[in-house]
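# Observations on the model geometry
One-letter residues, chain by chain:
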Amino acid sequence: MKSNLSILIGNAFPLSLVRRPVRIVPATLEELHAAAKGKRVVSFWGHANTLAQAERFCGLPLAPGNDRPAIQLQESGLPSLVGQTFCECWILSPDYIQNLRPAVGEEVPAEHIGGWTVLKITWE
């Protein structure tokens, strides 16, 4: 069942789960707020160390229901989490300071994040 009452948000979307055409565009914080208005936030935030900083930036609750929840892919090619299927996903992508490139598997300390970029993924 596609969700119109919830909004899907995370810190990164696994491209290994893209199995149909998507459109990824930068968005404004205002657009994110408009999309979230009156909806329940369903989060798959994966890094506890950046959670508070990201919540301060966006003004939305981003704590997931459990540690590092895994998005599932429906037969339709749409992402699903907590029994809901989504055709949109919002990403808060970290802007690292001084062109930092984290090592593979490294969790970046919050102080190495200078800001955030909002991205909107739409499945066609």
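The text that follows walks through the structure, step by step, so that each part is easy to find.

Criteria and thresholds
- For every chain, the first residue of its written sequence is number 1, and the numbers climb from 1 along that sequence.
- Local features in this predicted model are restricted to residues whose pLDDT is 70 or higher, and side-chain atom pairs enter the listing and the counts only when it is 80 or higher, whereas totals over whole chains, interfaces and linings include all residues.
- Side-chain descriptors were evaluated using all non-hydrogen atoms of the structure, hydrogens and water having been removed beforehand.
- DSSP calls a pair of strands paired once it identifies at least 2 bridges connecting them.
- By definition, any uninterrupted DSSP run of H or I lasting at least four residues is a helix, any uninterrupted run of E lasting at least two residues is a strand, and each is numbered from the N terminus.
- Axis definition: a line fitted to C-alpha atoms, over the contacting stretch in the case of helices. Angles run 0 to 180 degrees between N-to-C directions.
- Whether two residues are in contact is decided by their heavy atoms: any pair within 4.5 Å suffices.
- The aromatic pairing rule takes the rings of Phe, Tyr and Trp, using the six-membered ring of Trp, and pairs them if the centres are within 6.5 Å, calling planes under 30 degrees apart stacked, those over 60 edge-to-face and the rest tilted.
- Burial classes follow relative accessibility: with a 1.4 Å probe on protein chains only, a residue under 20% of its type's maximum area counts as buried, one over 50% as exposed, and anything between as partly exposed.
- Residues belong to a common nonpolar core when they are buried Ala, Val, Leu, Ile, Met, Phe, Trp, Tyr or Cys residues joined through side-chain atoms within 4.5 Å.

## Quick word on the sheet that holds strand 1 (residues 6-10)
Overall, mixed pairing links the five strands, which are arranged 2-8-7-1-3 in an open sheet. With partners counted over all chains shown, the strands left at the sheet margins are strand 2 (22-27) and strand 3 (40-43), one partner each. Each neighbouring strand pair of the sheet contributes to a mean axis angle of 30 degrees, computed without reference to strand direction. Here strand 7 (residues 88-96) runs beside strand 8 (residues 113-123); their pairing, made up of nine bridges, is antiparallel. Each bridged residue has a counterpart across the sheet, and for E88 the counterpart in strand 8 is T122. Relative to strand 8, helix 2 (residues 48-58) is tilted by about 75 degrees, and along the sheet it contacts strand 7 and strand 8.

## Side note on the packing of aromatic side chains
By the definition in use, this model includes three aromatic pairs. Look at F13 and W123: their rings are 5.2 Å apart centre to centre, the planes differ by 65 degrees, and that puts the pair in the edge-to-face class. Of this pair, F13 sits in the loop between strand 1 and strand 2 while W123 is found in strand 8, placing the two residues 110 residues apart along the sequence. By relative accessible area, which is 11% here, F13 ends up buried. Note on W123: relative accessible area 4%, which makes it buried. Through pairs of rings, three or more aromatic residues link up here, namely F13, F44 and W123.

## Description of the nonpolar core
Counting 18 residues, the largest nonpolar core has I7, I9, L32, W45, L62, W90 and L92 as its most contacted members. Contributing elements (two or more residues each) for this core: strand 1, helix 1 (29-36), helix 2, strand 7 and strand 8. Among all residues touching I9, those that are not within four sequence positions of it are L32, V41, V42, S43, F44, W45, L60, L62 and W90. Grouped together as the second largest cluster of nonpolar side chains are 13 residues, F44, F86, I91 and I121 included.

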